[in-house]
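Close look at the chain arrangement
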Amino acid sequence: MSFSKHILVTGGAGFIGSHLVRRLVKNYPNYLIVNLDKLTYAGNLENLNDVASAPNYRFERADICDTAALQRIFSEYQITDVIHLAAESHVDRSIEGPMEFVLTNVVGTVNLLEAAKNHWNDSANHVFHHVSTDEVYGSLGDTGLFEESTAYDPRSPYSASKASSDHFVRAYYHTYGLPIKMSNCSNNYGSHHFPEKLIPLMIHNIIENKPLPIYGKGDNIRDWLWVEDHASAIDAIFHNGRIGESYNVGGLNEWTNIELVRFLCRLLDQKLDRTPGSAETLITYVTDRAGHDKRYAIDASKLETELGWKPSITFEEGLERTVDWYLANQDWVEKVTSGAYQAYYEKMYIGR
Ligand code: NAD
Ligand code: DAU
């Protein structure tokens, strides 16, 4: 069978990557989707059970820091395009140990850029789409939105590593003419989200009647987007975005952490048929995150105007779907939080 594109998706076994891979495999049977993932604690192949045997899907367990593996995979599959999501993604882990973030997010990204540059020495139309974060812009005050032209001001080891990777991606465009595209998205939520991040952690702890750790006063603001809407934005940018351009992705959906956690408490009290107000008693204010960014908020008007993208569902609807998924998939949570992750989880989230 011949395919019109051979797309290498990195980090496809992770949270956002698995939603993107599923979308591409199902919607584009004429594309070969090669999922390259190291399967760290955050990667789980079960996330892709429903597409694992599709004729246009392949999986390669590899580390983007392994240049020989990248060389082999680019040659073996004749890779025509890259959508790069593989990363260390959790801010708290980056504070505990920045070096893994430098290796995967910075060195790994440059390895991929090199592999693409070396293999794409023909006249075909290739795309290297780098998936990044709004955290590269730093922290907002009470007003204003991050625009594509906002100066970079990363403040955590995670965001510094992502900002560095963004700079390298742009450098490969300007210096070598590599056909890059970039997207910088706000906080995602949805199914298959590793339960160390705020929303899945809170859902899990409410179900288990465990403390709900709120950093600082809970007044930090995040701008939340349903993960499948992020996948649809990547699809739109990959296909129709302009080469060399960055697109901000977000849904104008700002919540303080405490408002959001209270919303989840009310929703889960209903779903679990518990006394109204019982989950809120689990809320526990804990030491703030070091260097905690105050507010993120995205202006996605470039993406909306140029490519006609819009979020497809409201936050309330998306949260209900997410909560329903976690309630129906407690075995998934059990699997991903056992093993190597467990020690870290106990240290960071129990009795904090
Ligand atoms: P995730 O942690 O859930 O998944 C990351 C995946 O990358 C995992 O499957 C992991 O096994 C893989 N990986 C890690 N190191 C690797 C390596 N060295 N080689 C190969 N694979 C490796 O992350 P996520 O939340 O799905 O984020 C995906 C991407 O989107 C990241 O680049 C992140 O910076 C970006 N992003 C995330 C959000 C968000 O809210 N989660 C928002 C904007 C941008
Ligand atoms: O903005 C995009 C970014 O969103 C992505 O680039 C990151 O990969 C992703 O992890 C996410 O980063 P955040 O740091 O914003 O997400 P997190 O879920 O870790 O935290 C959300 C907010 O909730 C933040 O203000 C810290 C707070 N928090 C988090 C946890 C885990 C708590 O108050 N308690 C917690 O236990």
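Described in the following lines is the structure provided in the data block. (Residues numbered from 1 in each chain as written. Chains lettered and ligands numbered in written order. Predicted model: local features only at pLDDT ≥ 70, side-chain atom pairs only at ≥ 80, totals over all residues. Heavy atoms only, no water.)

**Looking at the site of ligand 1**
For ligand 1, the set of nearby residues contains 28 residues, the closest of which are Ile16, Asp37, Ser89, Tyr158 and Lys162. Within the backbone of Lys38, an N or O atom sits 3.0 Å from a nitrogen atom of ligand 1. One of the backbone N or O atoms of Thr40 is found 3.0 Å from an oxygen atom in ligand 1. Protein chains bury 96% of the 830 Å² of accessible surface belonging to ligand 1 in isolation. (Near = heavy atom within 4 Å. Polar contact = N/O pair within 3.5 Å; in protein donor to acceptor, adjacent residues only side chain to side chain. Areas by Shrake-Rupley, 256 points an atom, 1.4 Å probe, with all protein chains shown as cover.)

**Let's talk about unusual backbone geometry**
We note that Leu39 has phi near 60°; this positive angle belongs to a residue other than glycine. Counting through the fold element by element, Leu39 comes out in the loop between β2 (31-37) and β3 (57-61). The phi dihedral of Gln78 is positive, around 50°, even though this residue is not glycine. With respect to the helices, strands and loops of the structure, Gln78 is situated in the loop between α2 (67-77) and β4 (81-84). (Helix = DSSP H or I, 4+ residues; strand = E, 2+ residues; numbered from the N terminus.)

**Focus on the environment of Cys265**
In this fold, Cys265 is placed in helix α8 (residues 257-271). Classification of Cys265 by relative accessible area gives buried; the value is 0%. As a C-alpha pair, Cys265 and Ile207 span 58 residues in sequence and 9.8 Å in three-dimensional space. Cys265 has contacts with Ile206, Leu212, Ala279, Glu280 and Ile283, leaving out every residue within four places of it along the chain. (Buried < 20%, exposed > 50% of the residue type's maximum accessible area, 1.4 Å probe, protein only. Contact = heavy atoms within 4.5 Å.)

**Examining a nonpolar patch on the surface**
A cluster of nonpolar side chains, namely Met99, Val102, Leu103 and Val107, defines an oily patch on the protein surface of about 310 Å² accessible area. By secondary structure assignment, the location of Met99 is in helix α4 (residues 99-119). (Patch = residues over 30% accessible without salt bridge, like charges linked within 9 Å, V, L, I, M, F, W, Y side chains within 5 Å. Salt bridge = Lys/Arg side-chain N within 4 Å of Asp/Glu carboxyl O.)

**Here we look at the sheet that holds β3**
In space, the seven strands of this open sheet follow the order β3-β2-β1-β4-β5-β6-β10, with parallel pairing throughout. The sheet is open, and its two borders are formed by β3 and β10 (246-249), each paired with just one other strand. Taken over all neighbouring pairs, the strand axes of this sheet differ in orientation by 20° on average, direction set aside. Relative to strand β5 (residues 127-133), β4 runs parallel, the two sharing four bridges. Across the sheet, the residue bridging to Asp81 is Val127, located in β5. α4 rests against β1 (5-10), β4 and β5 of the sheet, and its axis sits at about 165° to β5. Contacts from helix α5 (residues 157-176) reach β5, β6 (180-185) and β10, with the element oriented near 155° to β5. (Pairing = 2+ DSSP bridges. Axes fitted to C-alpha atoms, helices over the stretch in contact; angles between N-to-C directions.)

**Digging into the pattern of salt bridges**
Throughout the structure, instances matching the rule amount to 25 salt bridges. Ionic pairing is found between Asp50 and Arg22, a salt bridge with its closest N-O pair at 2.9 Å. Here Arg22 lies in helix α1 (residues 15-27) and Asp50 lies in the loop between β2 and β3, a separation of 28 residues in the sequence. By relative accessible area, which is 46% here, Asp50 ends up partly exposed. A residue is classified by how much of its surface remains accessible, and Arg22, at 14% relative accessible area, is buried. The shortest N-O distance in the salt bridge between Glu208 and Lys210 comes to 3.9 Å. Owing to a relative accessible area of 25%, Lys210 belongs among the partly exposed residues under this scheme. One network of salt bridges, in which partners are shared, links Arg242, Glu245, Lys302 and Glu306.

On their own, these measurements won't tell you what the molecule is for.
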